[in-house]
Protein chains: 2
Amino acid sequence: MYRSHTCGELRVAHVGSSVTLSGWVQRIRNLGAMTFIDLRDRYGITQVVIDESCPSPVKEMVKELGREYVIQISGEVVERASKNSKLPTGDIEVRANMIKVLNASDIPPFTIEDDTDGGDELRMKFRYLDLRRNPVKNALLLRHRMAQEVRKYLDMQGFIEVETPFLIKSTPEGARDFVVPSRIHPGEFYALPQSPQTFKQLLMVAGFDKYFQIVKCFRDEDLRADRQPEFTQIDCEMSFVERDDVLNTFEGLIKHLFANVKGINFTEPFQRMPYSLAMEKYGSDKPDLRFGMEFVELSSIVKGKGFKVFDDAEYVGAICANGCAGYTRKQLDELTEFVKRPQVGASGLVYIRFADDGIKSTVDKFYSPDDLMAIANAMGAKQGDLILILAGPKKKTLSALCELRLEMGNRLGLRSKEVFVPLWVVDFPLLEWDDEAQRFFAMHHPFTSPNPEDIHLFKTDPGRIRANAYDLVINGVEIGGGSIRIFDRELQQAMFDALGFTKEEAEKQFGFLLNAFRYGAPPHGGIAFGFDRLCSLFGGSDSIRDYIAFPKNNAGRDVMIDSPSTISQQQLDELSIQIKKNN
Amino acid sequence: MYRSHTCGELRVAHVGSSVTLSGWVQRIRNLGAMTFIDLRDRYGITQVVIDESCPSPVKEMVKELGREYVIQISGEVVERASKNSKLPTGDIEVRANMIKVLNASDIPPFTIEDDTDGGDELRMKFRYLDLRRNPVKNALLLRHRMAQEVRKYLDMQGFIEVETPFLIKSTPEGARDFVVPSRIHPGEFYALPQSPQTFKQLLMVAGFDKYFQIVKCFRDEDLRADRQPEFTQIDCEMSFVERDDVLNTFEGLIKHLFANVKGINFTEPFQRMPYSLAMEKYGSDKPDLRFGMEFVELSSIVKGKGFKVFDDAEYVGAICANGCAGYTRKQLDELTEFVKRPQVGASGLVYIRFADDGIKSTVDKFYSPDDLMAIANAMGAKQGDLILILAGPKKKTLSALCELRLEMGNRLGLRSKEVFVPLWVVDFPLLEWDDEAQRFFAMHHPFTSPNPEDIHLFKTDPGRIRANAYDLVINGVEIGGGSIRIFDRELQQAMFDALGFTKEEAEKQFGFLLNAFRYGAPPHGGIAFGFDRLCSLFGGSDSIRDYIAFPKNNAGRDVMIDSPSTISQQQLDELSIQIKKNN
């Protein structure tokens, strides 16, 4: 060992001990007669002092040190004259009697400080230096703690961690697969799993009863900000369960994590809300419930007063922003600009101020003060509030109103990162119609069980079938989702029919699962959590990238190792593939 | 929940309770007036009884059941008249008042019993049924327990689990990579990691201090029996350590696993043996120390007596098989056949019986009884022992003698699967000469540090440099291996030079690591354990396949999901690759 203690360990109780520390030079302050070194390792920072009383070689050596040098020092722990209460080791310092340079360092391309001067691209290229910074290091320490606690809880609940294979089979349904050419079987390919879905269902058929895995998954999608081609899921499945068994079990997991990682105890059950209600009240299947500001549909109240915009609209809805009646013209213009942005997509914003000096709106021409008061009453507005109204096609307007609500939540400081409000969204639609492909797609995936009372709709109105599916949403972020699965071959066939799969296609893609269902498949269901997202939520960050040790950029490239890259002709030959030239 | 209890849970204390169980029909015995069902789930088997007193629908229903049907039963727990002490639930049975078929089952293609009638290929094709069998299920339960205990120990020791990326960069050194064509970057490829080696070293440069991961790795090798293209490692790395720090830490891990998984407590430190001694004494870098029978070199004693085979041999060595002097001619012929097999490769076997009626050999013509007695003394042989001698080129003969020793260990029952003898093999050679390529290869990998006192040999005799590398061997099986790494750029360059890498090749393949070493790399070292192998060792099996949920066959094929397989032309087009036709 190159050390007797870590740089985060020494306290007043160690005063008088001889110690050896190793670490990185965070900072050197040369005060003439004395030099101070802040020595850093994963565990903390310890101040090292070199003064007149230190041996000459030490005094010489210290002149050669630079930032990020790796050094080993020995010396005596002494109590500091002026203590630093911000540092756990701030009561002591180590007076060096030996310094050894273990490794020199070039000047780093950016400062290794909590607030660095390094831009994104540079920090990614030198990720091993970026990882030295506290915010990034702490993000990964949090991730480690989360992973251990997930396993601890699920192990206690009788779940078995089973590793499913990474070299599997390409299935066209869903997102694009990454594929892996087989050398031994020329012209054939493995695929990397988008999720272990079929394997975990097979484990249920195998009688494993309760399975989990923290596992990498892969999707070759066009990358958006904060999407990674490889990502990590907490993947889980249980047998002989109904929906509420799954929800209760994993509500327990999330509560365990909050209690053991964040010290937050949820004593009440998580709220549950049907998908349809979430859409009506919040315009989203992942509503942020840290604040209210629910939508109120005003169509019946506002129509028929001669205001064409409302009269012609499929949907008129509003939110009430408490205490915002005093918004300036500039603020209101900003909001109008906001809703008109292409990403939000509303054509305009109508507002009603319920001010001290009466109620006023941008549509006073059409609505009398009594009309406006009726709207205010419908909204539950009181003096001092601001009512914001959007109108238009229903789906689009709900979505725009959702954005406006979140924006108002931000402006009013209602979305604190220290507050966590979990919500189960349930009763999702089973199928989604795709206009382009002119067919239904599975909203969750093709193995999701329909709500039993809706099964008769397969023949008449498949779009109205509710799924036995659920999402866990925290603070407006989808953290996980799952469903009770189909375990009956007939029902599975009906589902494939609804999705427009021929028997042959279903057989080719999922034949092994359908076959497995012949041999005694138990009722089962499960859930998968986005682990990167869960960690970033716990860490109070909007970006998952900080919670991944070696992330890829938005072009799917690892700029540190410069990957992807070309491979040799010999490798291509061995794999029996060749690059197709662009025409 | 479809059950109130599992099938492994009920005891005499539950007698009188109303319970609901769900599971698979393991067996039905119809005794006329009574029918017994053995109901199985992951947790055990419970006997269900249907007798005259049961409701008629239950009596009717039971006639329709078959093996592996998934059923739900309700009833009362009653004490058995004749108890089954072999079953934890053997004191009770459940008298059914409700039976419901949750799912029917076709007749399985092989019996779901500990000793099945299913062949290997069939069991792999229906792996989800094979996994229902106790031996396979228990193997995976053991694996789960092992994984949790590995994490528990390493977490306690301050290690952080960090996920390293799967989509990395192809490096020609070592085994073949699996590659993944990039769609977004046509003509470029990711590679799947053969190990997280460079990433864990970068994590040390990043100051993470102690890292571990239980992680899938990939090698596109021509498959041998018991080799899998994807396999799992316990991958670990530590900073500011010397060899003994690593050995002590991971000896602690292995002891923790034995204590907590097998209930075996090792109180003594594991034995440590230099590679050169292991080769001399056991002809192997992974000697099985469950028994002695060490090699004794006899060259100086046996030469010069006119026996040309010995006189001309580079090496003459022998083992002493205690109590085998009475071996019959047939047994001795078998041994001679054994050593002459091409896999063993000796040209013949000389033996000396130290029997009650004197000492005799196959070479009495050349050696007097006194000569033979001198050999016996050198071997430490006593009356009743059999001395087996091989001669020839040293390397080949050591290897043949190793095989013979293991064969004798088997014959004498000295290799019990219940006995575990761990051993650290240390001081491996750094480099191995490859006659075909006419260059040195790194025996471990190119980042392995040489023994400091051997560094001067780089310029004069690289083949004699000892590496600061170590393997953990248990019962003759290599369980893990690692090394102290090079953390100095100059030394790393000397290593690349010795391996015949040009500066450009080194830069292209490992540039990011060499670059990282510019910025304050700490001294570090680590180890990786083959987790599949470790589990099979703990489980007492020679095959790793049983310890992998969904293994591939010897052709790298998953016969259950039929992978690898062809992909669509559209997929190929999107990836800008095409299949090369065989010429």
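Given the structure is predicted, the values throughout are model-derived calculations rather than measurements.

What counts and how
- Residues numbered from 1 in each chain as written.
- Chains lettered and ligands numbered in written order.
- Predicted model: local features only at pLDDT ≥ 70, side-chain atom pairs only at ≥ 80, totals over all residues.
- Heavy atoms only, no water.
- Pairing = 2+ DSSP bridges.
- Helix = DSSP H or I, 4+ residues; strand = E, 2+ residues; numbered from the N terminus.
- Contact = heavy atoms within 4.5 Å.
- Axes fitted to C-alpha atoms, helices over the stretch in contact; angles between N-to-C directions.
- Buried area = accessible area lost by both parts, 1.4 Å probe.
- Salt bridge = Lys/Arg side-chain N within 4 Å of Asp/Glu carboxyl O.
- Nonpolar A, V, L, I, M, F, W, Y, C, P; charged D, E, K, R; others polar.
- Left-handed = near helix turned anticlockwise from the far one by under 90°.
- Buried < 20%, exposed > 50% of the residue type's maximum accessible area, 1.4 Å probe, protein only.
- Least-squares fit on C-alpha atoms with pLDDT ≥ 70 in both.
- Core = buried A, V, L, I, M, F, W, Y, C linked by side-chain atoms within 4.5 Å.
- 1 Å grid on protein atoms, 1.4 Å probe; cavity = no way out; pocket = protein on both sides within 12 Å on 5 of 7 lines; lining within 4 Å.
- Points joined across faces, edges and corners; volume = space filled by probe spheres on them.
- Domains from an automatic or database assignment.
- pLDDT = per-residue confidence, 0-100.
- Phe/Tyr/Trp six-rings, centres within 6.5 Å; stacked < 30°, edge-to-face > 60°.
- Lys NZ or Arg CZ within 6 Å of the ring centre and 35° of its normal.

## Here we look at the sheet that holds strand β14 (residues 350-355) of chain A
All names here are of chain A.
Working step 1: Read from one edge of the open sheet, five strands run β12-β13-β16-β14-β15, paired in antiparallel fashion. The two strands at the open ends of the sheet, each matched to only one other strand, are β12 (296-297) and β15 (358-361).
Working step 2: Of the strands in this sheet, β12, β13 (315-321), β14, β15 and β16 (386-392) are in contact with helix α11 (residues 369-379), which crosses β15 at around 95 degrees.

## Quick word on the interface of chain B and chain A
Working step 1: In this assembly, 121 residues from chain B lie in contact with 122 residues from chain A.
Working step 2: A combined buried area of about 11,200 Å² lies between chain B and chain A, and 58% of that area is made up of carbon and sulfur atoms.
Working step 3: Its largest share of buried area at the contact with chain A, chain B owes to B:Glu163, B:Phe240 and B:Tyr519, together 7% of the area lost on that side.
Working step 4: At the boundary of chain B and chain A, one finds 20 salt bridges.
Working step 5: Two residues, B:Asp209 and A:Arg3, come together in a salt bridge whose shortest N-O distance is 2.7 Å.
Working step 6: When residues in the side of chain B that touches chain A are grouped by element, the largest group, nine residues, is from helix α4 (residues 134-156) of chain B.
Working step 7: Looking at the side of chain B that touches chain A residue by residue, the classes come out as 63 nonpolar, 25 polar and 33 charged.
Working step 8: One ladder, built from three bridges, connects strand β23 (residues 577-579) of chain A with strand β23 (residues 577-579) of chain B; its direction is antiparallel. Bridge pairing in β23(B) places A:Gln578 opposite B:Gln578.

## Here we look at the packing of α4(B) against helix α16 (residues 531-539) of chain B
Residue and element names in this part refer to chain B.
Working step 1: Between α4 and α16, the shortest axis-to-axis distance is 10 Å and the interhelical angle comes to 115 degrees. Our pair here, α4 against α16, has a crossing hand that is right-handed. Side by side, α4 and α16 meet where Leu 142, Arg 143, Met 146 and Ala 147 of the first sit next to Phe 531, Asp 532, Leu 534, Cys 535, Phe 538 and Gly 539 of the second.
Working step 2: A class-by-class count of the residues in the contact of α4 with α16 yields seven nonpolar, one polar and two charged.

## Topic: α16(B)
All names here are of chain B.
Working step 1: In terms of residue burial, α16 counts as a mostly covered element, since seven of its nine residues are buried.
Working step 2: For α16, every residue scored as buried is listed here: Phe 531, Asp 532, Leu 534, Cys 535, Ser 536, Leu 537 and Phe 538.
Working step 3: Immediately downstream of α16, the backbone of Gly 540 shows phi near 75 degrees, a positive value.

## Structural notes on the relation of the copies chain B and chain A
Working step 1: When chain B is fitted to chain A, the best match, at an RMSD of 0.1 Å, comes from turning it 180 degrees and sliding it 0.0 Å along the axis. Look at the turn and shift together and you get a two-fold axis relating the two.
Working step 2: Comparing interface residues between copies, 100% of those in chain B also sit at the interface in chain A, which points to an isologous, same-surface contact.

## Description of the pattern of salt bridges
Residues and elements named next belong to chain B.
Working step 1: Here the structure, examined in full by the defined rule, presents 108 salt bridges over all chains.
Working step 2: Glu 68 serves as the salt-bridge partner of Arg 132, at 2.9 Å between the closest nitrogen and oxygen. Of this pair, Arg 132 sits in the loop between α3 (127-130) and α4 while Glu 68 sits in the loop between α1 (56-61) and β4 (70-79), placing them 64 residues apart in sequence. Each member of the pair, Arg 132 as well as Glu 68, carries the same accessibility label: buried.
Working step 3: For Asp 288, the salt bridge goes to Arg 415, with nearest N and O atoms at 2.8 Å. Here the residue Asp 288 occupies a position in the loop between α7 (275-282) and β12 (296-297), and Arg 415 occupies one in the loop between α12 (394-411) and β17 (422-426), the gap between them amounting to 127 residues.
Working step 4: Residue Asp 288 is classed as buried on the basis of its relative accessible area of 1%.
Working step 5: Here the residues in one salt-bridge network are Asp 120, Arg 123, Arg 127, Asp 130, Arg 133 and Arg 545, joined through shared partners.

## What about the environment of A:Phe199?
Working step 1: Position of A:Phe199 relative to the elements: it lies in helix α5 (residues 197-205).
Working step 2: C-alpha of A:Phe199 to C-alpha of A:Pro165: the two residues are 34 residues apart in sequence and 8.4 Å apart in space.
Working step 3: Apart from residues lying up to four places away in sequence, A:Phe199 is in contact with A:Thr164, A:Pro165, A:Ile168, B:Phe550, B:Asp558, B:Met560 and B:Ile561.

## Re the nonpolar core
Side chains of nonpolar character tend, in soluble globular proteins, to be buried together.
Working step 1: Counting residues in hydrophobic clusters, the biggest one holds 59 residues, and the most contacted among them are A:Tyr128, A:Leu131, A:Phe550, B:Leu202, B:Leu203, B:Phe208 and B:Met495.
Working step 2: Take this core: its biggest share by element is six residues, from helix α15 (residues 503-516) of chain B.
Working step 3: If near-sequence neighbours (up to four positions away) are discounted, A:Phe550 is found in contact with A:Arg127, A:Leu131, A:Met560, B:Thr164, B:Pro165, B:Phe199, B:Leu202 and B:Leu203.
Working step 4: By size, the runner-up hydrophobic cluster in this structure holds 58 residues, among which are A:Phe208, A:Leu491, A:Ala506 and B:Phe550.

## Some remarks on empty space enclosed by the protein
Which parts of space are left empty comes out when a probe the size of a water molecule is rolled across the atoms.
Working step 1: Summed over the entire model, instances satisfying the criterion amount to 11 cavities of 30 Å³ or more.
Working step 2: A volume near 400 Å³ is recorded for the largest cavity.
Working step 3: Listing elements by their share of the lining of the largest cavity, those giving two or more residues are α4 (134-156) and β9 (210-218) of chain A together with α4 and β9 (210-218) of chain B.
Working step 4: Class assignment of the residues belonging to the lining of the largest cavity gives a composition of 11 nonpolar, eight polar and 10 charged.
Working step 5: A volume near 90 Å³ is recorded for the second largest cavity.
Working step 6: Every residue lining the second largest cavity is counted, 14 residues in all, and those nearest its centre are A:Glu163, B:Lys216, B:Ile548, B:Ala549 and B:Phe550.

## A closer look at the domain arrangement of chain A
Working step 1: According to the domain assignment, chain A contains domain 1 (12-103), domain 2 (137-273 + 422-548) and domain 3 (291-411).
Working step 2: One C-alpha centre belongs to domain 1 of chain A, the other to domain 3 of chain A, and the line joining them spans 62 Å.

## Focus: the sheet that holds strand β11 (residues 271-274) of chain B
Within a beta sheet, neighbouring strands are joined by backbone hydrogen bonds and run either parallel or antiparallel to one another.
Residue and element names in this part refer to chain B.
Working step 1: Taken in spatial order, the eight strands make up an open sheet running β6-β9-β10-β22-β21-β20-β17-β11, and their pairing is mixed. For this open sheet the edge positions go to β6 (160-161) and β11, each flanked by a neighbour on one side alone.
Working step 2: One ladder, built from nine bridges, connects β9 with strand β10 (residues 230-239); its direction is antiparallel. Across the sheet, Gln 213 pairs through a bridge with Asp 235, a residue of β10.

## A look at the environment of B:Ile375
All names here are of chain B.
Working step 1: With respect to the element layout, Ile 375 can be found in helix α11 (residues 369-379).
Working step 2: Sequence-wise, Ile 375 and Asn 468 are 93 residues apart; in three dimensions their C-alpha atoms are separated by 37 Å.
Working step 3: When neighbours within four sequence positions are excluded, Ile 375 is seen to be in contact with Leu 298, Ile 301, Val 302 and Ile 352.

## Describing the confidence of the model for chain A
Working step 1: In this model, chain A carries an average pLDDT of 94, and 99% of its residues clear a pLDDT of 70 or more.
Working step 2: Scoring of the predicted complex yields 0.95 for pTM and 0.95 for ipTM.

## A closer look at the packing of aromatic side chains
Residues and elements named next belong to chain A.
Working step 1: According to the stated counting rule, one finds 51 aromatic pairs over all chains in the structure shown.
Working step 2: Between Trp 433 and Phe 440, the ring centres sit 4.9 Å apart and the planes meet at 80 degrees, which makes this aromatic pair edge-to-face.
Working step 3: What makes Trp 433 partly exposed here is its relative accessible area of 44%.
Working step 4: Three or more aromatic residues joined by ring pairs make a cluster, and in this case those are Phe 258, Phe 266, Phe 270, Phe 420 and Phe 538.
Working step 5: Across the ring face of Phe 291, the terminal group of Arg 405 is positioned such that the distance to the ring centre comes to 4.0 Å.

## A look at unusual backbone geometry
Residue and element names in this part refer to chain A.
Working step 1: A cis amide bond links Ser 563 with the next residue in sequence, Pro 564, at an omega value of 5 degrees.
Working step 2: Position of Pro 564 among the secondary structure elements: in the loop between α16 (531-539) and α17 (569-574).
Working step 3: Phi angles above zero are rare outside glycine, and Gln 438 is one such case at about 50 degrees.
Working step 4: Along the polypeptide, Gln 438 turns up in the loop between β18 (431-434) and β19 (439-442).

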